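# Close look at the chain arrangement
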Amino acid sequence: MQWVLGEISKGTLFQYGPEQGILSFRNNLAQFLTKNYGDKVESEELIVTTGATSGLALTASILVDRKATVFVENPTYFIALNILRGDLGLNVVPIDLASDGIDCDKLEAAVAKYRDEAMERESRRFSCMLYTIPTFHNPTGICYSEAVGRRVISIAEKYNMLVICDDVYNLLKYEHSVPRFSRLKALCGKENKLVISNGTFSKILSPGIRLGWLEVPHSLVPRYTNCGFLLSGGAINNYTSGIIAQLLQDDDIQNNLNFLRSLYGERMQLVHDYLANNLPAGWTVSHAKGGYFLWVATNQNVKKFCEVLQEKDVNVLNGSRATPHAEITDYASADYSHCFRISIAYYSKENLLRACELVCDAAKKM
Ligand SMILES: Cc1ncc(COP(=O)(O)O)c(C=O)c1O
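Residues numbered from 1 in each chain as written. Predicted model: local features only at pLDDT ≥ 70, side-chain atom pairs only at ≥ 80, totals over all residues. Heavy atoms only, no water.

### What to know about the overall build of the chain
For the chain, the count of helices and strands is 13 helices and 12 strands. Along the first, second and third principal axes, the C-alpha atoms of the chain reach 65 × 55 × 35 Å. Restricting to contacts in the chain with at least 6 residues of sequence separation, those with at least 24 account for 75%. When the accessible surface of the chain is totalled, it reaches about 15700 Å², and 50% of it is carbon and sulfur. The distance from the centre of the 37 positive side-chain charges to the centre of the 39 negative ones in the chain is 1 Å. (Helix = DSSP H or I, 4+ residues; strand = E, 2+ residues; numbered from the N terminus. Contact = heavy atoms within 4.5 Å. Areas by Shrake-Rupley, 256 points an atom, 1.4 Å probe, with all protein chains shown as cover. Lys, Arg positive; Asp, Glu negative; His and termini not counted. Charge placed at Lys NZ, Arg CZ, Asp CG, Glu CD.)

Right, dumping it as structure tokens:
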């Protein structure tokens, strides 16, 4: 605690911070990420944020044209749509997701259709962006295969498409063999100019501290540090970044991560095994090896079923809420009203088991 107490008594953390974030935070974070990802993270490529929500909103507002198209997975993290379409008014186009990642043929066809080079020349912003969750996806729990990851990168390079990855669950892995790559950015190499990793302390420490980071290609860093938002406000969460810099240095964050991996890993296994053994025939449950979510696919619409569970205080997310458009489009064919998502993050093993019993009882009565 020595270092941070010194900074607090000097008052530095109470000042506007440097736009990118204080160096000690970025250095300690780079070291922590390098160790846990197993490949190099450069502190020069890190930018402090108040979490993945702010990383996405900031990136889309400074790098993407107002008339641009954003491709999203179908299904996806539904609140991201409130930012992209709701707050920023961007055109959102959903693309089907398979068990090994986004459907690349559909993605490429859609990018070829929507990319607008004249728009890019005029505004010097991207006309296309992919918003993706390649690792322990929300809501399905899947991880991209390396082949799909590489194809996404090659599509991005061919069409100058920005790619922002919500890498919020990547560190919460419960088996050594997953994920197959630490984050999409790791597959890009040094010449990467397009792929951004959007990280957060919300899932490995606490959402209330509102702290995260963007890991952006070197060439894009000045676009952030010279944007009005950071020039006016400085580092977005300077004070908290100082405290976390110390916790990173003292290994408290590492210890907490190790603790969460073991706790959540046990919960995930327990819930999976119970559901796999007790759901009715025709219902399947995914076996996520990290992150928060199990994805149950059924053979019927589960809207009413989810409402019945809610009356019993069991909250699951109906899959249709995670689809950007209910209707079938050229690039997205399912509305996922026959699926639902279960999260293992918040409740104890006992409560989760009780909820699983109620889920299976209700399922058998369908
Ligand atoms: C995919 C995804 N992105 C972003 C967030 C929000 O992250 P943060 O708290 O860092 O803003 C969540 C939280 O549920 C999430 O699942």
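### Observations regarding the sheet that holds strand β9 (residues 284-285)
Strand order in this open sheet of four strands is β9-β10-β12-β11, and the pairing throughout is antiparallel. This sheet does not close on itself; its edge strands, each paired only once, are β9 and β11 (317-318). Pairing analysis gives five bridges linking strand β10 (residues 293-297) to strand β12 (residues 339-343), with the strands arranged antiparallel. For Leu294, the partnering residue across the bridge sits in β12 and is Ile342. Relative to the sheet, helix α11 (residues 252-278) contacts β9, β10 and β12, its axis offset from that of β10 by approximately 10 degrees. (Pairing = 2+ DSSP bridges. Axes fitted to C-alpha atoms, helices over the stretch in contact; angles between N-to-C directions.)

### Some details on the pairing of β12
Most of β12 is tucked away, with four of its five residues classed as buried. In this structure, β11 lies alongside β12, joined through two bridges in antiparallel fashion. Bridge pairing in β12 links Asn318 to Phe340. (Buried < 20%, exposed > 50% of the residue type's maximum accessible area, 1.4 Å probe, protein only.)

### What to know about the site of the ligand
Neighbouring the ligand are 13 residues, the closest being Thr53, Asp166, Tyr169, Thr200 and Ser202. In the environment of the ligand, an oxygen atom lies 2.6 Å from a nitrogen or oxygen atom belonging to the side chain of Tyr169. Coverage of the ligand by the protein amounts to 90% of the 400 Å² it exposes when considered alone. (Near = heavy atom within 4 Å. Polar contact = N/O pair within 3.5 Å; in protein donor to acceptor, adjacent residues only side chain to side chain.)

### Quick notes on the domain arrangement of the chain
As assigned here, the chain comprises domain 1 (2-252) and domain 2 (254-364). A separation of 26 Å is found between the C-alpha centroids of domain 1 and domain 2. Listed as interface residues are 41 residues of domain 1 and, on the opposing side, 32 residues of domain 2. In this assembly, domain 1 packs against domain 2 so that about 3200 Å² is buried in total across both faces, 57% of it on carbon and sulfur atoms. Ranking the residues of domain 1 by area buried against domain 2 places Phe78, Pro139 and Tyr174 at the top, with a combined share of 21%. (Domains from an automatic or database assignment. Buried area = accessible area lost by both parts, 1.4 Å probe.)

### Some points on the packing of aromatic side chains
Two numbers describe a pair of aromatic rings. These are the distance of the centres and the angle of the planes. Following the criterion strictly, the structure yields 14 aromatic pairs and no others. Relative to Trp213, the ring of Phe201 has its centre 5.2 Å away and its plane inclined at 70 degrees; by these criteria the two rings are edge-to-face. Of this pair, Phe201 sits in the loop between β7 (195-200) and β8 (212-215) while Trp213 sits in strand β8, and the two are 12 residues apart along the sequence. Accessibility classification places Phe201 together with Trp213 in one group, the buried group. When the centroid spacing of 5.4 Å and the interplanar angle of 75 degrees are considered together, the rings of Trp283 and Phe305 count as edge-to-face. (Phe/Tyr/Trp six-rings, centres within 6.5 Å; stacked < 30°, edge-to-face > 60°.)

### Quick word on the packing of helix α2 (residues 23-37) against α11
Relative to each other, α2 and α11 sit at 35 degrees, their axes nearing to 11 Å. Here α2 runs over α11; the crossing is right-handed. Of α11, the residues touching α2 (which contributes Phe32, Lys35 and Asn36) are Ile253, Gln254, Leu257 and Arg261. Tallied by class, the residues present in the contact of α2 with α11 amount to three nonpolar, two polar and two charged. (Left-handed = near helix turned anticlockwise from the far one by under 90°. Nonpolar A, V, L, I, M, F, W, Y, C, P; charged D, E, K, R; others polar.)

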